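Each chain, letter by letter, is given below.
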Amino acid sequence: QVQLVESGGGLVQSGGSLRLSCAGFGSIFRINRMGWYRQAPGKQRELVATTTSDGDTNYADSVKGRFAISKDNAKNTVYLQMNNLKPEGTAVYYCNANVKPKGWSEDLNCWGQGTQVTVSM
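Reading guide: rules and limits
Residues numbered from 1 in each chain as written. Predicted model: local features only at pLDDT ≥ 70, side-chain atom pairs only at ≥ 80, totals over all residues. Heavy atoms only, no water. Phe/Tyr/Trp six-rings, centres within 6.5 Å; stacked < 30°, edge-to-face > 60°. Helix = DSSP H or I, 4+ residues; strand = E, 2+ residues; numbered from the N terminus. Buried < 20%, exposed > 50% of the residue type's maximum accessible area, 1.4 Å probe, protein only. Lys NZ or Arg CZ within 6 Å of the ring centre and 35° of its normal. Disulfide = S-S within 2.5 Å. Salt bridge = Lys/Arg side-chain N within 4 Å of Asp/Glu carboxyl O.

## Quick notes on the packing of aromatic side chains
Thought 1: In total, this model carries 1 aromatic pair according to the counting rule given.
Thought 2: Ring centres of Y37 and W111 lie 5.2 Å apart, and the angle between their planes is 65 degrees; this geometry places the pair in the edge-to-face category. On the criterion of sequence distance, the pair formed by Y37 in strand β4 (residues 28-39) and W111 in strand β10 (residues 108-111) is long-range, its members being 74 residues apart.
Thought 3: The exposure class of Y37 is buried, given its relative accessible area of 18%.
Thought 4: Of note, R19 hangs over the ring of Y79, and the distance from its end group to the ring centre comes to 4.1 Å.
Thought 5: It is R45 that lies over the ring of W111; its NZ or CZ is 4.6 Å from the centre.

## Looking at the state of the cysteines
Thought 1: Under the counting rule described, the total for this entry stands at 1 disulfide.
Thought 2: One disulfide in the model links C22 with C95; its S-S distance is 2.0 Å. The sign of the S-S torsion, about -85 degrees, decides the handedness of the disulfide formed by C22 and C95: left-handed. Of this pair, C22 sits in strand β3 (residues 18-26) while C95 is found in strand β9 (residues 91-101), placing the two residues 73 residues apart along the sequence. Just as C22 is buried, C95 falls in that class too.
Thought 3: Residue C110 stays outside any disulfide, its sulfur separated by 9.2 Å from that of C95, the closest cysteine.
Thought 4: With relative accessibility at 7%, the residue C110 sits in the buried group.

## Things to note about the pattern of salt bridges
Thought 1: In total, this model carries 3 salt bridges according to the counting rule given.
Thought 2: We note a salt bridge from E46 to R38, for which the minimum N-O separation is 2.8 Å.
Thought 3: Across the pair D107 and K100 runs a salt bridge, and its minimum N-O distance is 3.2 Å.
Thought 4: On the basis of relative accessibility, which here comes to 14%, the residue K100 falls in the buried class.

Right under this line is the structure:
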């Protein structure tokens, strides 16, 4: 059983900053990839940023230069520093992890419960 626990969402004015955290708990052997997706009202869930176990990162074009993803392997935790937030960034942000649980031969795709980020004008 693997769980992802997110924190750090909230209300911020346009141009402000927030930092999201997501920690993985449970019987984890290895985290292959961890990242963030978001879903705005009436829209599909979209990728924001991901990072692999090798440290490779990938960002949506809309957040490049403003958001930064980082991780603490020892804590199975990923962070998303969001700067210069814009109103169109208002969404529920979901943590995602591709995990190999201990004793499993296959990888598991896990999602957190989501955290609301609201950016006011």
